[in-house]
There are 4 protein chains.
Amino acid sequence: MNLFNPGAVFGVVGGDFRQAALAKGLSEGGYPVRVFCIERPPQFLPSQLCCENLDGLSGCDAVVLPLPVSNDDRLLNAPLNTACVPLSDLFSRCRSDALLFGGKVSPAQQRLAQQFGHTIHDYLEREEMAVLNAVPTAEGAVNLAMNERASTLWESRCLVTGFGRCAKALAVLLKGFGARVTVAARREGDLAFARTLGLQTIPLRQLQEVLPQQEIVFNTIPAPVLTRPLLEQLQPECLIIDLASRPGGVDFEAAGELGLKTIWALSLPGKVAPITAGGIIRDTVLHMMADLAGSCPPSPILSK
Amino acid sequence: MNLFNPGAVFGVVGGDFRQAALAKGLSEGGYPVRVFCIERPPQFLPSQLCCENLDGLSGCDAVVLPLPVSNDDRLLNAPLNTACVPLSDLFSRCRSDALLFGGKVSPAQQRLAQQFGHTIHDYLEREEMAVLNAVPTAEGAVNLAMNERASTLWESRCLVTGFGRCAKALAVLLKGFGARVTVAARREGDLAFARTLGLQTIPLRQLQEVLPQQEIVFNTIPAPVLTRPLLEQLQPECLIIDLASRPGGVDFEAAGELGLKTIWALSLPGKVAPITAGGIIRDTVLHMMADLAGSCPPSPILSK
Amino acid sequence: MNLFNPGAVFGVVGGDFRQAALAKGLSEGGYPVRVFCIERPPQFLPSQLCCENLDGLSGCDAVVLPLPVSNDDRLLNAPLNTACVPLSDLFSRCRSDALLFGGKVSPAQQRLAQQFGHTIHDYLEREEMAVLNAVPTAEGAVNLAMNERASTLWESRCLVTGFGRCAKALAVLLKGFGARVTVAARREGDLAFARTLGLQTIPLRQLQEVLPQQEIVFNTIPAPVLTRPLLEQLQPECLIIDLASRPGGVDFEAAGELGLKTIWALSLPGKVAPITAGGIIRDTVLHMMADLAGSCPPSPILSK
Amino acid sequence: MNLFNPGAVFGVVGGDFRQAALAKGLSEGGYPVRVFCIERPPQFLPSQLCCENLDGLSGCDAVVLPLPVSNDDRLLNAPLNTACVPLSDLFSRCRSDALLFGGKVSPAQQRLAQQFGHTIHDYLEREEMAVLNAVPTAEGAVNLAMNERASTLWESRCLVTGFGRCAKALAVLLKGFGARVTVAARREGDLAFARTLGLQTIPLRQLQEVLPQQEIVFNTIPAPVLTRPLLEQLQPECLIIDLASRPGGVDFEAAGELGLKTIWALSLPGKVAPITAGGIIRDTVLHMMADLAGSCPPSPILSK
């Protein structure tokens with residue numbers, strides 16, 4: 001089902017395999033797609049979606065920039081491209097009525113776009129993007145744990161700290177393995193929800209009570225949760241996987257000194273499941289376009 | 001684990017089986033408990049927890065009123081009592097330093113309490129209370145469906161409208177039966193979360209597309225969702241269970257004229273699982289007391 | 001997909017709502033169906049499937065008798081019929097080349113059929129019939145427990161004795177509720193399988209160790225498992241649901257004397273979900289016909 | 001709980017990490033353990049369980065040989081040992097009243113043991129061993145799929161051929177990921193059981209109908225199931241994981257020619273989860289000893 005003008009042309013610009021998957025997904029959804037700044041595409045990208053010259057951007061009604069748009073606020077994030085592409089080159093070539101989308105848009109990037117008369121709509125801020133990305137994050141975390149360990153997840157004792165979106169997906173997945181999952185969270189509402197899902201729970205302030213018996217600790221809280229005194233409660237063979245964004249939640253130095261194997265796993269969706277992650281970006285961008293259209297004068301070709 | 005001063009005396013006042021279960025649960029948790037306005041207790045209430053004269057309220061450090069506190073803002077909700085008890089009689093007997101708790105406290109009830117120098121802390125407003133109550137609500141809904149139908153829930157096509165707490169618990173439970181569950185919700189974030197749980201989804205505005213094939217519709221949205229034109233899309237043998245609080249979400253008149261069996265199931269926790277519901281109130285009140293204690297001068301006997 | 005000659009005419013004879021659902025299901029599957037000995041059909045039976053005179057049996061290629069075929073080896077089991085119909089009347093009217101199916105066929109019934117040149121193929125002996133019937137049995141057991149109790153199944157401690165088909169379906173369903181399920185079985189292979197499903201296990205010979213903490217006991221073993229000494233280990237408010245066929249697995253007399261609420265729930269599929277149960281009979285009979293056809297000279301119209 | 005004479009001394013001989021985990025597990029269970037032919041133990045083996053001279057075998061009441069006992073019917077399977085050890089050297093040193101256990105015991109190995117007056121009890125033939133080993137097999141298969149793919153298992157279309165123990169564990173695990181699982185099996189009873197678990201099913205003879213839409217195919221049938229004509233139905237990016245023992249179920253040559261990525265994954269438990277696999281051997285051997293004890297004159301120290 002097309003949520004947008006079926007004739008709208010998408011420009012997919014730069015990024016990694018996720019962008020390539022996004023281009024493929026839009027094309028399979030029936031949208032005309034043009035690809036830019038992906039000179040070395042992955043095999044799964046249909047050959048007719050070949051990378052073209054930036055001048056073609058003027059033919060695009062919607063332009064989807066990568067996640068993140070840029071690593072230095074100046075050059076496009078384009079690991080599959082040979083040439084470096086300044087953001088300003090892109091923005092100057094987009095039509096003034098084109099819709100621009102990007103992930104993790106910094107204020108500096110937004111300001112730059114505005115100098116060219118554009119607004120970048122940030123798909124990373126959408127609720128469904130965060131919710132859906134929790135799935136590849138959880139799968140990636142589980143995969144890391146399996147690769148590192150010599151035991152099954154089944155009947156293993158796993159601790160999940162935090163109970164946001166990723167923690168929920170992870171805890172439910174681990175339970176599907178038959179792991180013995182304990183959720184540690186601060187808020188009573190979160191602990192209650194974990195309880196309704198059949199998970200063991202412990203208030204975060206009592207974390208030390210359950211640490212000695214854990215085999216794997218998955219942290220999702222981006223704050224100093226696993227401090228040295230708490231790490232000292234863990235068995236030496238316990239594996240720690242930190243999924244929290246900077247600064248992370250583990251005292252990595254202390255963990256190292258204690259001989260605890262610790263993995264800081266960031267940005268898992270793009271690493272372990274770029275095709276799925278690209279599909280999630282596609283779905284999210286289409287929802288955003290439908291919402292934007294909804295606030296415009298009604299259009300007969302929108303299904304909304 | 002006692003979250004509160006272990007010597008604190010609880011007064012449990014009025015209400016139905018939930019209050020009796022609350023009294024039992026507090027007593028089993030090691031708290032001294034005194035019972036009021038439950039002259040005809042259920043069998044499960046230990047005989048030593050016998051109902052006493054209201055004068056005993058002055059010996060209570062914490063007083064837990066029922067859910068709701070009153071049906072008319074004047075008399076205590078006390079279906080297990082013979083005598084009618086004015087709220088003012090209660091409030092006048094509570095010590096000025098006692099903590100008062102109640103469920104679904106109306107502004108008029110709060111004002112009355114304040115005339116006697118009290119504040120009623122409303123446990124129904126706590127997140128964990130709502131989250132945990134979703135479980136008996138879901139079980140009650142499933143039980144209703146089983147009692148009404150001549151087919152299994154397994155392989156039945158079930159629609160759940162809305163995706164708040166009750167809907168989540170219900171959809172997950174139905175999936176555990178092997179039902180074919182579709183969730184209809186308005187927000188993309190909710191639809192995404194349902195998708196991560198392996199549920200089918202449909203945007204609420206496209207509800208009509210999935211109605212003809214449903215065998216059971218569970219509504220959880222307290223707004224006119226199932227209007228006559230939509231009800232006309234249902235098969236005549238489809239069962240409708242409306243879990244939404246007033247005004248409900250079903251055009252009951254139209255449903256009746258269309259010959260659709262419709263059940264408006266309100267306040268299920270207290271009806272189908274009063275013992276569990278009483279335990280949920282107990283847990284919630286203890287959390288509230290811990291929170292209140294946390295904002296007081298530190299006390300050495302609190303575990304917090 | 002028709003597994004049998006699409007032109008084959010089915011005769012559905014006697015029985016309860018299951019037979020009516022079977023007739024409806026076959027008709028919806030595209031088979032010509034004729035109905036006998038169901039003078040007071042349930043509402044869900046399409047009106048064109050009206051009950052006809054026994055003479056019509058001669059027009060049927062396959063005749064499906066009810067489960068059980070008869071309660072006294074002489075008269076047809078036909079609770080929805082006014083007149084009593086001797087089995088011999090049926091058998092004499094069936095064509096000699098017709099296929100006869102029936103449920104729980106006794107040797108006496110088989111002998112009687114053979115006097116008329118027929119063999120009754122017993123669908124109750126088929127593996128898929130037993131496997132699928134476990135689902136309505138499990139749902140019925142859960143429904144009984146919900147109707148009898150004032151607590152949720154969620155977080156309740158449930159014991160399942162035995163681990164055959166019904167016990168498996170029941171234990172998995174209870175786990176879906178968030179119950180704390182323990183499986184007691186004799187064979188190590190069964191206990192191991194329960195463990196792989198994330199269930200607690202106990203060898204049957206150590207049953208007494210777990211009895212005191214149970215809230216519900218579901219027995220599926222048709223042998224004296226819950227003897228008086230074991231029943232004495234249960235708490236008085238424990239609910240016992242015996243799903244085992246005669247002689248059952250509970251010392252009912254002792255249970256009564258101990259004040260234990262005990263329900264002997266037999267033949268649940270036909271009682272709680274006759275429509276599903278009829279569908280299961282339909283699927284099973286169609287499989288049997290395909291198997292019978294497979295051993296005959298090949299027929300081009302069979303999909304096998 | 002010790003199922004056997006608590007004073008019994010175990011000898012754990014040769015093998016890989018599984019045997020080391022077995023030794024550790026028995027020791028943690030309170031049994032005296034002596035270790036042989038593991039000169040390079042893994043780090044998790046407690047240092048007091050050091051490898052000793054074969055002469056110590058005469059002090060063992062039960063001797064557990066590895067899985068397999070030998071790869072050539074002559075030398076012990078001992079990859080963690082430097083020296084090669086003839087089986088005859090072992091058998092000659094075991095006491096005549098010692099119980100011998102081994103995995104996948106060949107007739108030649110059994111004959112050799114008998115020449116020394118011993119019988120090797122094969123733990124691989126025990127039902128619980130096969131049932132429990134299905135779990136690490138399923139986890140290993142899932143791990144392989146995750147490592148090979150760039151998409152989530154969530155919402156992926158997975159086919160499982162066969163429905164024995166490994167297939168059951170795998171299908172249920174995949175469903176826990178939110179995969180769209182189809183089970184293909186020959187027997188109606190197996191298909192029915194899969195259906196009760198909420199899985200899609202297809203008779204094996206109709207396999208070709210579902211092949212084009214699959215993303216991963218897991219075969220568990222040790223017979224030529226995925227022949228060239230069927231492989232040609234798969235999409236080129238479909239991943240095939242063959243879990244079937246020799247000769248496997250895939251025409252590997254045809255798969256290679258068709259450019260289909262195929263992994264033949266044998267003996268996964270020992271590879272992906274040797275610690276768990278060793279624990280499973282321990283549990284199984286203890287059950288076997290309890291059974292053997294049960295047929296002997298009663299012993300007061302047995303818990304049975």
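Keep in mind that this is a model prediction, so the values were computed, not measured.

What follows concerns the interface of chain A and chain D. Facing 22 residues of chain A, the contacting portion of chain D comprises 22 residues. In total, chain A and chain D occlude about 1,900 Å² of area from one another, counting both sides; carbon and sulfur atoms represent 62% of this. Across the chain A-chain D interface, the total number found is zero salt bridges. Along the contact surface separating chain A from chain D lie eleven residue pairs in polar contact (both at pLDDT 80 or more). Elements that contribute at least two residues to the side of chain A that touches chain D include exactly helix H4 (127-148), helix H5 (165-176) and helix H10 (274-294) of chain A. When residues of the side of chain A that touches chain D are assigned to their parent elements, the largest contribution, eight residues, is made by H4(A). Each residue belonging to the side of chain A that touches chain D can be placed in one class, and the counts come to 14 nonpolar, six polar and two charged.

The predicted coordinates of low-pLDDT regions are not to be read in fine detail. On average, chain A scores 93 in pLDDT, and the residues at 70 or more come to 94%. In this model residues 295-304 of chain A is a low-confidence stretch, pLDDT under 50, and it forms 13 contacts with partners more than four residues away in sequence or in other chains.

The subject of this paragraph is the sheet that holds strand S1 (residues 10-13) of chain A. Residue and element names in this part refer to chain A. Taken in spatial order, the six strands line up as S3-S2-S1-S4-S5-S6 in an open sheet, and their pairing is parallel. Every other strand in the sheet has two partners, leaving strand S3 (51-52) and strand S6 (120-122) as the edge strands with one partner each. As judged from the two bridges shared by strand S2 (residues 33-36) and S3, these two strands associate in the parallel manner. What sits directly across from Val35, in S3, is Cys51. Strand contacts of helix H1 (residues 17-28): S1, S2 and strand S4 (62-64), with the helix running at about 165 degrees to S1, the strand carrying the most contacts.

Count 3.6 residues to each turn of an α-helix, and residues three or four apart come out pointing the same way. All names here are of chain D. Of the residues making up helix H3 (residues 107-115), those classed as buried are Gln109, Gln110, Leu112 and Ala113. Angular distribution of buried residues about the axis of H3 spans 160 degrees; they occupy a single face of the element. Structural note: H3 exposes Pro107, Arg111 and Gln115 on the side pointing more than 90 degrees away from its buried face. Contacts made by the buried residues of H3 are with helix H2 (87-93) and strand S6 (120-122). After H3 finishes, the residue Gly117 shows a positive phi value of roughly 85 degrees.

Moving on, we get to the pattern of salt bridges. Residue and element names in this part refer to chain B. Applying the stated rule across the entire model yields 72 salt bridges over all chains. The residue Lys24 makes a salt bridge to Glu28 at a minimum N-O spacing of 3.6 Å. Of the two residues, Lys24 and Glu28 are both situated in helix H1 (residues 17-28); the distance of four residues between them amounts to about one turn of the helix. The partly exposed category is assigned to Lys24, whose relative accessible area is 22%.

Moving on to the side chain of A:Asn133. Residues and elements named next belong to chain A. Secondary-structure assignment places Asn133 in helix H4. Judged by relative accessible area, Asn133 falls into the buried class, the value being 13%. Dropping the residues within four chain positions of it, Asn133 is found in contact with Pro269 and Ile280.

Here the focus is the UniProt feature "domain: Dipicolinate synthase subunit A N-terminal" (unreviewed entry) in chain A. Taking the UniProt record as the reference, the feature "domain: Dipicolinate synthase subunit A N-terminal" (unreviewed entry) is found at residues 10-123 of chain A. Segment residues 10-123 of chain A splits into 25% helix and 18% strand. End C-alpha atoms: 15 Å apart.

All right, on to the pairing of strand S8 (residues 180-185) of chain C then. Residues and elements named next belong to chain C. A large share of S8 lies buried, amounting to five of its six residues. Pairing geometry for strand S7 (residues 157-161) and S8, over five bridges, is parallel. Residue Val160 lies in a different strand from S8, and its bridge partner there is Val183. Where the polypeptide runs from S7 across helix H5 (residues 165-176) and back to S8, its parallel neighbour, the crossover connection is right-handed.

Right, let's get into the packing of H4(A) against H5(A). All names here are of chain A. It is at 8 Å that the axes of H4 and H5 come closest, and there the two elements cross at 45 degrees. Taken together, the axes of H4 and H5 are oblique relative to one another. Here the hand of the crossing between H4 and H5 comes out right-handed. The segment H4 lies against H5, with Glu127, Ala130, Val131, Ala134, Thr137, Ala138, Glu139, Ala141 and Val142 engaging Arg165, Cys166, Ala169, Leu170, Leu173 and Leu174. Class assignment for the residues of the contact of H4 with H5 results in eleven nonpolar, one polar and three charged.

Quick notes on the rules
- Residues numbered from 1 in each chain as written.
- Chains lettered and ligands numbered in written order.
- Predicted model: local features only at pLDDT ≥ 70, side-chain atom pairs only at ≥ 80, totals over all residues.
- Heavy atoms only, no water.
- Contact = heavy atoms within 4.5 Å.
- Buried area = accessible area lost by both parts, 1.4 Å probe.
- Salt bridge = Lys/Arg side-chain N within 4 Å of Asp/Glu carboxyl O.
- Polar contact = N/O pair within 3.5 Å; in protein donor to acceptor, adjacent residues only side chain to side chain.
- Helix = DSSP H or I, 4+ residues; strand = E, 2+ residues; numbered from the N terminus.
- Nonpolar A, V, L, I, M, F, W, Y, C, P; charged D, E, K, R; others polar.
- pLDDT = per-residue confidence, 0-100.
- Pairing = 2+ DSSP bridges.
- Axes fitted to C-alpha atoms, helices over the stretch in contact; angles between N-to-C directions.
- Buried < 20%, exposed > 50% of the residue type's maximum accessible area, 1.4 Å probe, protein only.
- Arc of directions from axis to C-beta.
- UniProt positions renumbered as here; feature names shortened; annotations may be inferred.
- Right-handed = clockwise from strand over helix to strand, strands pointing away.
- Parallel < 35°, antiparallel > 145°, perpendicular 65-115°, else oblique.
- Left-handed = near helix turned anticlockwise from the far one by under 90°.

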